[in-house]
Structures are given as C-alpha cells and as structure tokens.
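Overview (structure and organization)
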Amino acid sequence: MPVEPATWTIAELAAEYDVTLRTIRFYEDRGLLTPERRGTVRVYHPRDRVRLALILRGKRLGFSLDEIATIVDMYDREPGEEGQLVYLLNQITTRRAELEQRRRDIDETLSELAEVEARCQTDLNTLRTK
C-alpha cells in the first residue's frame, strides 16, 4: 500500500483538489490555511490538507468564507468539536431554508413565465390570423 506523504507542496494540493495556486494563497491570506514556510517554499501538513477539503466542501454547500472560517476554527478552540457540530447543524438548517425558498421562487417564476409565454403565443396567433 502506498504511504501518503506527511507534507505537500502548494502545487500538489492544487492538483489534488483541482484548484489554482491563487485560490490556495487566497485562503492563506484569509488565515484559513497556515502552511509552514521553509525559505520561500510553502509546506502543507495534514491539518492544512483537511482544512482545504473542508473549505472547498463548505464552498460547494454555499457557505461564505466567514462561515467556513468559524466552522473550521472552532475545532481548535472552545467549545471544540461539539460546538463546531452544533454551529454547523444550525448553519445547515439556515442554508437549507434559504435554498428551499429559492426553489419556491424559481418554481413561481417559471410558472409566471409559462403563463406570459402562453398569452404571448395566443396574441401572436390572433394577430397572424387577422
């Protein structure tokens, strides 16, 4: 079985997670990732790799970077993992409600468009048969 390296370069992480180097540097600037510096080389440890995976998952789920930072930072501070999970569950509930409202809004808009389209088609047919 291959052994995973204990550290990664920025290029290795970028390739693994299919993100740009600029994206990773941005997360560093925001304090979400804290690689070790060896001269001008960034060295990422398992903690950074896990945090990057969590950041990207949070982005896919629609969380803001501030929300993601709160979630990932709670693991290292009080109230710890339990507080992190409670906060995350609350954020999920809020996010789900927002998405469900968007779905209702989209369904309503599609219905209205269908009605307007039908009226326009009827009016156009009437004009063409005169």
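In the block above lies the structure referred to throughout.
1. Regarding the overall build of the chain
Within the chain, the regular secondary structure consists of five helices and two strands. Across the chain, helices and strands are ordered from the amino to the carboxyl terminus as α-α-β-β-α-α-α. On C-alpha atoms alone, the chain measures out to a radius of gyration of 24 Å, which is more than a quarter above the 14 Å that the 2.2 N^0.38 rule sets for 130 residues. With respect to the three principal axes, the spread of C-alpha positions in the chain is 80 × 35 × 35 Å. Expressed as a percentage of the 130 residues in the chain, the buried residues total 26%. Of the accessible surface of the chain, which amounts to about 9600 Å², a share of 54% is contributed by carbon and sulfur atoms. Separation of charge centres in the chain, based on 21 positive and 24 negative side chains, amounts to 4 Å.

2. Focus: helix α2 (residues 21-29)
Within α2, the full set of buried residues consists of Ile 24, Tyr 27 and Glu 28. Summarising the axial view, the buried residues of α2 lie within an arc of 105 degrees, below the 170-degree limit, and thus occupy one face. Exposed residues pointing more than 90 degrees away from the buried face of α2 are listed as Arg 22 and Asp 29. On its buried face, α2 is in contact with α1 (10-17), β1 (36-38), β2 (41-43), α3 (46-60) and α4 (65-74).

3. Concerning the environment of Glu 12
Following the sequence through the fold, Glu 12 ends up in helix α1. Taking relative accessible area as the criterion, Glu 12 reaches 40% and is therefore assigned partly exposed. Along the backbone, Glu 12 and Tyr 44 are 32 residues apart, and their C-alpha atoms lie at a distance of 9.5 Å.

4. Side note on a negative patch on the surface
Together, Asp 105, Glu 108, Glu 112 and Glu 115 give the surface a local cluster of negative charge. Note that Glu 108 resides in helix α5 (residues 80-129).

5. A closer look at the packing of α1 against α3
Taken N-terminus to C-terminus, the directions of α1 and α3 make an angle of 35 degrees; their axes are 11 Å apart at the nearest point. Both α1 and α3 take part in a crossing whose hand is right-handed. On α3, the residues that touch Leu 13, Glu 16 and Tyr 17 of α1 are Arg 49, Leu 52, Ala 53 and Leu 56. Class assignment for the residues of the contact of α1 with α3 results in five nonpolar, no polar and two charged.

6. Let's talk about the environment of Gln 84
Relative to the helices and strands, Gln 84 is located in helix α5. In sequence terms Gln 84 and Val 72 are 12 residues apart; their C-alpha atoms lie 7.6 Å from each other. Each residue touching Gln 84, except ones within four places of it in the same chain, is listed here: Ile 71, Val 72, Met 74 and Tyr 75. Reaching out from Gln 84, the side chain makes a polar contact with the backbone oxygen of Ile 71 at a distance of 2.8 Å.

What counts and what doesn't
- For every chain, the first residue of the written sequence is number 1, and numbering continues from 1 onward in sequence order.
- Note on the predicted model: pLDDT of at least 70 is required for a residue's local features to be given, and 80 or more for side-chain atom pairs to be given and counted; whole-chain, interface and lining totals, by contrast, use all residues.
- Just so you know, side-chain values use all the structure's heavy atoms and leave hydrogens and water out.
- A helix here means a DSSP run of H or I that spans at least four residues, while a strand means a run of E at least two residues long, and both kinds are numbered starting from the N terminus.
- Using C-alpha atoms as the atom set, the radius of gyration is obtained and then compared with a globule rule of 2.2 Å times the number of residues to the power 0.38.
- Using a 1.4 Å probe on the protein chains alone, a residue whose accessible area is under 20% of its type maximum counts as buried, one over 50% counts as exposed, and one in between counts as partly exposed.
- Computed by Shrake-Rupley with a 1.4 Å probe, the accessible areas treat only the displayed protein chains as cover when residues are assessed.
- Charge assignment: positive for Lys and Arg, negative for Asp and Glu; neither His nor the chain ends contribute.
- Where a charge sits is defined by one atom per residue type, namely NZ (Lys), CZ (Arg), CG (Asp) or CD (Glu).
- The arc under discussion is defined with respect to the helix axis, by the directions toward the C-beta atoms.
- We call two residues in contact when some of their heavy atoms are within 4.5 Å.
- Patch membership needs two things, relative accessible area over 30% and no salt bridge, and members are linked within 9 Å if like-charged or within 5 Å if nonpolar (Val, Leu, Ile, Met, Phe, Trp, Tyr).
- Any Lys or Arg side-chain nitrogen located within 4 Å of an Asp or Glu carboxyl oxygen qualifies as a salt bridge.
- For helices, the axis comes from a line fit to the C-alpha atoms of the stretch in contact; other axes are also lines fit to C-alpha atoms, and the angle between any two N-to-C directions lies between 0 and 180 degrees.
- Helix crossings get a hand from a simple test, with the near helix turned counterclockwise from the far one by less than a right angle marking a left-handed crossing and a clockwise turn marking a right-handed one.
- For this scheme, ten residues count as nonpolar: Ala, Val, Leu, Ile, Met, Phe, Trp, Tyr, Cys and Pro. Four count as charged, namely Asp, Glu, Lys and Arg, and the remainder, Gly too, count as polar.
- Each polar contact in these results corresponds to two N or O atoms within 3.5 Å; when the atoms are within protein, one needs to be able to donate a hydrogen and the other to accept it, and residues that are neighboring in sequence are counted only if both atoms are side-chain atoms.

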